[in-house]
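Working through the structure, step by step
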Amino acid sequence: MKTSAVFSAVLSLLTLASARSSTTSSSGSSSRADLPSTFTPPQVFKNANLVHVISAEKNYIKETINVVIENIDKAAQDEYYLPFTADQVSRLGGVEVKDRKDASAGLFAAEVVEFDPTSDTQYLRIQLPTPLKSGAQQTLGITYYLLKAYKPLPASIKQEESQFLTFSFSAYCPSVYTTSKQKTEVKFSSANVPDYTKLPGSGDIKQFPQKQGSKLTYGPFDEKPAGAVEPVQVRFEFTKPVTHVSHLERDIEVSHWGGNVAFEERYTLYHRGANLSSLFNRVKWAQSAYYSPSTSALKEIKFPLRVGSVDPYYTDVIGNVSTSRFRSNKREALLEIKPRYPIFGGWKYPFTIGWNSDAKNFLRKLSGDSYILNVPFLEGPKQPEGVEYEEVQVRVILPEGAENIKYYTTIPALSITDAEVKVHKTFLDTIGRGALVIKARNLVDDFRERELIVSYDVPFMASIRKPLIVFGSAMVLFVSTWILGSVNLKF
Amino acid sequence: MTANSLEALASAGKGRSTRTLLRVVILCLIAGAAIASRLFSVIRFESIIHEFDPWFNFRATKYLVANGFYKFWDWFDDRTWHPLGRVTGGTLYPGLMVTSGVIYHALRTLTIPVDIRNICVLLAPAFSGLTAFAAYLLTNEMTTTDSASAGLLAALFMGITPGYISRSVAGSYDNEAIAIFLLVFTFYLWIKALKQGSMLWGALCALFYGYMVASWGGYAFITCLLPLHAFVLICMGRYSSRLYVAYCTWYALGTLASMQIPFVGFLPVKTSEHMPALGIFGFLQLVAFLSYVRSAIPGRQYQTFLWLFAGGTFAVALAGLVIATSAGIIAPWGGRFYSLWDTSYAKIHIPIIASVSEHQPTAWPAFFFDLNLLIWLFPAGVYLCFQNLADEHVFIVVYALFGSYFAGVMVRLMLTLTPVVCVAAALAISSVLDTYLVAKAPAPPQVHNAEDASEASVKKASKGGLKSTSKPVVGVYSYISKGVVVTAMTIYLLLFVLHCTWVTSNAYSSPSVVLASKMPDGSQHIIDDYREAYQWLRQNTREDAKIMSWWDYGYQIGGMADRPTLVDNNTWNNTHIATVGKAMSSREEVSYPIMRQHEVDYVLVVFGGLLGYSGDDINKFLWMVRIAEGIWPDEIKEREFFTPRGEYRVDGEATEAMKNSLMYKMSYYNYNALFPPGQAQDRVRGVRLPDVGPTLDTLEEAYTSENWIIRIYKVKDLDNLGRDHTSAAAFERGHKKKKATKKRGPRVLRVE
C-alpha cells in the first residue's frame, strides 16, 4: 500500500512538472472553457501547516481543512487549487472557504474547474480576494460536504443487529502542493470503531492512528510531496438511519390577496444503510418497540417549522397519512411525522408535507410596488443523524404580474446549478405568474437556516387584473345566458 | 310572526316569476343538501376513493387523463390478470371516466389546479344534485296542475334517501354515481317524448340512453322497461302515433348509440336481454301497419285479416327466435340473468356471483332502512297513479312493479327502485299536503249543504248508509283535521331527514380502506393498515413483482400498490380465480408449483385476528374453496374444511385440510410469537389457537402491517442446493435430515 502511494505521488509530481511549462499563462482570469485538458495547477503555494478534520458523526461527511498556505512563487498569487476525484466532485457540496484569521474577509469564491471531463482528478479553484504576496502566509478554512460517503459493512444485517459503516479516505490530505506538516482527525458518533487502517507512526508516536474516545487522529506527518495519498479505511458503528433525500421539490407560493405564504415539500427519501438480511419481521419490531433500542430504521422525522406555521398536512401518493403530530405554540411549530412503515436500509419512502404561514412573517413591502420576500432556502427535517439532499429544487411562485424578479441566497454558490424564472399558471390566471426556480445539489441539513431573498415588483394594475377579469367573464356569461334564454325556441 | 307578514309571504308565491325563482332557490338548496349529506366520509376521514371497484375506475381515469382518449380506448392492461392481461378499453363502461376526464380538462383550461382524485371523489355527490333535479322534472310530468310540490318533494327525497346515498357518497367513484342521474333523466325524456310524440325529445332520450349505456351495465333496465311500457300501452289499447314516434326514434337511435361502446358492440341484436326492445320495435311496426290497414279496408274483412296476420307473425317470430337461439346467433340468457329469476341459481352454478354480498337477495328490513317512510308511501303513490291513469302514469306503475321485483332479488338493485319510490311517495305526500295545506275552506257546492257539513262529518259514522245515497261532500273544512294531518306529515318528514342522516353517517360513509377506532380518551384513531402495506409494496418491491391475493383486493393493489395482480374484481375469468382459490386452499406442495407457474413474487392475505376485523380472508376462505372446487372437484373438497361435526374451525380442532392450507398457514404464521405461550387468540373467531403455530417452507414473511391486517409473503426461489423446500426449511430449523424425509406428501417439488 505504501509503495503504491509513493509511486502515485511521484507520478503526479511528474505530470505536474511537465504540465507546468505549458500552462503558466493560463492562470489568472481563466474560465472553464479555455483550460486545456493537460492543465495542472502551478506549484506556487506550499502548505505550511494543515489540519484535516473529517466528521463522520452524521450520515454525510463534513470535512474541514484548515491550512496555512505560503506563496513560494516570485509573483503574487491568488488561485489556490484543491484536488478531488471525479467521483467525489459529483458528491461534493456546500463548499465554503474563508480566512481563519480574518472573518471580515467573507467567503471566498470557489468553483470546480472541469478542464477534462474524462480525467479522474478534478480541481476546486479558490479565488483569494487579494493576491497573496510572495512569501506571505494566509490561513484558509475550507469546509465541504461529501454525500453518499459510506458503505455498510456487512451490507445486510438482521433486524435487531446494529449497523456498521465504512468510509475510505486518504490519511494525507490530498493537495497539489507540498505539505510540510499535517494531521487528519476523524470523528465518529460512537466510540465503537472496530476496524481502521493502521499506519506506522513517526516521531514519538509508534502507530497511527491514535484513538481517543470517538476520535481517530492520523498524524502529525512530516513533509509530503504534492499529490501524496495514503488510502485508509475506517469501519464504525452507526446505529442511526442513513437518510438520503434523492430529490426534494420545495414550492413556496406567495399570495398577496390571501396574505399567505404556502409551502409544500415533496421528498423522495431513501435509507442508504445496511439492508435487512431476512425480511421484515413484525413480531420482533413490535416487541422491540417496548424497550426502544437504537435501531437503524427511520421511525420518525421531525420538522421544526418557523413559528407561525399553520395547517400542516402530510400525504403520500395514496393519500393522507394519519400518523403525524403538530405542536404549535408561541415558541415552536414542530411537525412530527411517522412514515407509514419503519424505513430500513434499502427501502424508499416518498412523501409530501406542506403548511401555510402568514405573509407578514416573510414578506415586506418596500417603497411603491416592490416587495421583498425572505424565506429559508431549505426547511427539511432536523434529525440528530442529519439529512443529505442530492437534488433540491426550490420554486418560489410569486403573484401574477410580478416582474423584475431578483434573488439572493446564502447557500454556497457552488451548490446552485441553475436558476431561472418560469411561468406558472394556476387559479384562473390569464398571463401566468412568475416562478423563480432554483436548482441546487448536494446540500445537507446544516444549511437549514440559510436564507433565500427574493425581490420583485407588482404594479397596481397587475394586482387588480384578476378580479377585473373574473368579474368581466362572469358578466359576459350572465349576459350571454340572458340573451340565449330570451331566444324563443319551440320544440 | 304576524298575520300581516304571513300574508305577504303567501302573496309572494303568487307571481309566476316569483314562483320560478322560488323553485330555483329550493332546487339549489336541495342540490346543496344532497351534496352536503354525502360528505361525511370526506370530513371524517379524507378525500379518498372508497372500497374496491372505485379504485379501478380511479386508476382507469388516471390512465385516461394521462394518455388521452384514443390510448384509453385501445388500452390493453398487462398489469392485471397476469399472465393473461385484460383488454380494459374494450371491457369497461367508459362513461364515468370520460365524464371525469372532461371535467378535469375543463377545469384545467380555466387554470384551476384541481387534482384528478378530488374530481373522482366528488363526482358522485355532484351528480346526486343533478339526479334530484332530474327527479323533479320526471315528477312534474306526472302532475297535471301547475303546482310543483310533488316535483320538489321528489327532488328532496331523491337527494337524501339512503337507498341512493348508499352508492353515491363522496369517494364512491362507481358507475352508479352517474348512472342513476342518467336513468332518471332518460325516463324523463322518454315521458316527454311520449307525451308530445316528438322526435326531438325521442332523439334526446336516445342520446342520454347512449350515455347511460356507456356508463353502467344496468342500462339493460331501461332497455327492458321502455318496451314493457310500450307493450302495456298497446295492450291497454292506447296505441297512438305519439307512442310510435317516441319509441321508434328512441330505439333506432338509442341502439345505434349503444353499439358504439366496444363492450356492448353487437349485444343489442344478439343477446336475449335486448330482445324485448327489438320485439316491441317490430310489433309497433305491425300495429302501425294494422292501424293503417284498418283505416283502408272495411271492418269485417279487417277482423279476418287481423287474426291471420297476427297469428302468422307471432308464429314466424317465435320460430325465428328459437332457431336463432339454438343456432347460437342469439345468445341464451346469461347466468347473471338467470340469477335474477331464481335467487338460488347463482349459489349452485356461479359461486363467484353468489360470493359478492351485494348480489344476495334483499332482506326485508333493508327496504325500511334504505327508504324509511317512502316505502309505505310508495304504494299510495302508485295507487294515486291509477286515479288518473295517463300514459305517463302507466309508466310509473310498470316501473314500480318491475323495480320492486328486482330490488327484492338483489340488494344492489335497490338502487333502481329508489327513483320510482321517490316519485311515487312524492306524489302521495304532495296530494295529501295539497289537500290539507289549503288554509281557505273549499267553497260548498250548494249553499244549504254547507251548514250541516260539519255535523255531517260527525254523524258520518252512524249514518253512513244513508249518506251514501246523497252526493259526497268533497273537501276538508276543519282546521283541526288540517292541522293534525299536516303536523303528522311534517313530523314524518322530519323523522325521515333524521333517519337519512343517521343511516348515511353510520352505514354508508366508511371508506373501508381506512378503518376508524376510538382511543381511550375518545379521540379518533385511524387504522390505516391497508395503505401502509400497499405503500410498502409500491415502494419496496420490483415494479413488475406479481402479487397474488384473493380477487377482492385486486383493484386496490392495482390502484394503490401499482403492482401486477393475478385476479381482480373484474372476475371475467372464473378459472383463473379458481386457480388462485386452489393455491390458497391447497397444501404448500401443491400451491408452490401453481405460484411458480404464475410467476408470483408476493402473496397478500388479509388477517383480522389481532384486531377483530371480521372481513378477513379466513372468513372468505370457504368461497375460495367453493370456487376452486367448481373447477377441481377431485382435488379441493369443501367438506374437508369442516370438522366431522360440521363446524368451520380454525383452532386446535381444525381439520387437516384446513391446517395445511396455504391460507391458514399464511394467516397464522408467527402469530403465536406475539402472545405468551399458549395464549394466542384469534379475536375474530374468538378462539384460542394451538400452541404450535404453522410453519411455512415455500414462503417467507415479507411484511406485516402494524395491526396485522395485511400480511405479505415472498415466494421463495428454488433452493440453491437443489433440495426441495420442505427439507431445506427443515435443515434451516436445525432438524436432522432423517426427520425431514419422514414427512408425508409428494416429494418432488421442482417445477422446471
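Residues numbered from 1 in each chain as written. Chains lettered and ligands numbered in written order. Predicted model: local features only at pLDDT ≥ 70, side-chain atom pairs only at ≥ 80, totals over all residues.

All names here are of chain B. Interhelical geometry of helix 7 (residues 116-142) versus helix 8 (residues 149-160) gives an angle of 150 degrees and a closest axis separation of 7 Å. Comparing their axes, helix 8 and helix 7 come out roughly antiparallel. Pair helix 7 / helix 8 crosses with right-handed handedness. Contacts between helix 7 and helix 8 involve Ser128, Thr131, Ala132, Phe133, Ala135, Tyr136, Thr139, Asn140 and Met142 from the former and Ala150, Gly151, Leu152, Ala154, Ala155, Met158 and Gly159 from the latter. Looking at the contact of helix 7 with helix 8, its residues break down into 10 nonpolar, six polar and no charged. (Axes fitted to C-alpha atoms, helices over the stretch in contact; angles between N-to-C directions. Helix = DSSP H or I, 4+ residues; strand = E, 2+ residues; numbered from the N terminus. Parallel < 35°, antiparallel > 145°, perpendicular 65-115°, else oblique. Left-handed = near helix turned anticlockwise from the far one by under 90°. Contact = placed C-beta atoms within 7 Å. Nonpolar A, V, L, I, M, F, W, Y, C, P; charged D, E, K, R; others polar.)

Residues and elements named next belong to chain B. Compared with an ideal rise of 1.5 Å per residue, which puts 15 residues at 21 Å, helix 4 (residues 53-67) spans 21 Å between its outermost C-alpha atoms and is within 8% of the ideal. When we look at burial in helix 4, the residues that qualify are Pro54, Trp55, Phe56, Asn57, Phe58, Arg59, Ala60, Thr61 and Leu64. Looking one or two residues past helix 4, Gly68 carries a phi angle of roughly 90 degrees, positive in sign. (Expected span 1.5 Å × (residues − 1). Buried ≥ 20, exposed ≤ 12 C-beta atoms within 10 Å, placed from the backbone.)

Residues and elements named next belong to chain A. The antiparallel open sheet is built from four strands, whose spatial order is 28-29-34-31. One side of each edge strand has no neighbouring strand; the edge strands of this open sheet are strand 28 (363-365) and strand 31 (403-409). The average angle at which neighbouring strand axes cross in this sheet is 15 degrees, direction not considered. By the bridge criterion, seven bridges tie strand 29 (residues 370-376) to strand 34 (residues 451-457) in an arrangement that is antiparallel. If you follow Leu373 over to strand 34, its bridge partner there is Val454. (Pairing = 2+ DSSP bridges.)

Our focus in this paragraph is the UniProt feature "transmembrane region" (unreviewed entry) in chain A. UniProt annotation of "transmembrane region" (unreviewed entry) refers to residues 468-489 of chain A when read in the numbering used here. Secondary structure over residues 468-489 of chain A splits into 86% helix and 0% strand, and the C-alpha atoms at its two ends are 34 Å apart. (UniProt positions renumbered as here; feature names shortened; annotations may be inferred.)

So, about the domain arrangement of chain A. Residue and element names in this part refer to chain A. According to the domain assignment, chain A consists of domain 1 (2-23 + 30-237) and domain 2 (243-272 + 300-338 + 346-468). Using C-alpha coordinates to define each centre, domain 1 is positioned 35 Å away from domain 2. Elements with a contribution of two residues or more to the side of domain 1 that touches domain 2: strand 4 (92-99) and strand 5 (109-113). Here the residues of the side of domain 1 that touches domain 2 are counted per class, giving seven nonpolar, three polar and five charged. (Domains from an automatic or database assignment.)

This part covers the UniProt feature "domain: STT3/PglB/AglB core" (unreviewed entry) in chain B. Cross-referencing UniProt, the feature "domain: STT3/PglB/AglB core" (unreviewed entry) maps to residues 546-596 of chain B in the present numbering. From the first C-alpha to the last, residues 546-596 of chain B spans 11 Å; its make-up is 57% helix and 6% strand.

All names here are of chain A. Ordered in space as 8-10-18-13, the four strands form an open sheet in which the pairing is antiparallel. The open sheet has two edge strands, strand 8 (151-152) and strand 13 (195-196), and neither has a second partner. Relative to strand 18 (residues 231-237), strand 13 is paired through two bridges, and the arrangement is antiparallel. Opposite Tyr196, over in strand 18, you have Val234 as the bridge partner.

Of the residues lining the interface, 29 residues belong to chain B; the matching set on chain A comes to 22 residues. Counting residues per element, the ones that place at least two in the side of chain B that touches chain A are helix 11 (199-215), helix 28 (529-540) and strand 7 (699-704) of chain B. When the residues that make up the side of chain B that touches chain A are grouped by side-chain class, the tally is 15 nonpolar, seven polar and seven charged.

Our focus in this paragraph is the domain arrangement of chain B. All names here are of chain B. Examined at the domain level, chain B breaks down into domain 1 (17-174 + 417-441 + 475-514) and domain 2 (527-717). When each unit is reduced to the centre of its C-alpha atoms, the spacing between domain 1 and domain 2 is 37 Å. Across the contact, 16 residues belong to domain 1 and 23 residues belong to domain 2. Residue classes in the side of domain 1 that touches domain 2 are distributed as nine nonpolar, three polar and four charged.

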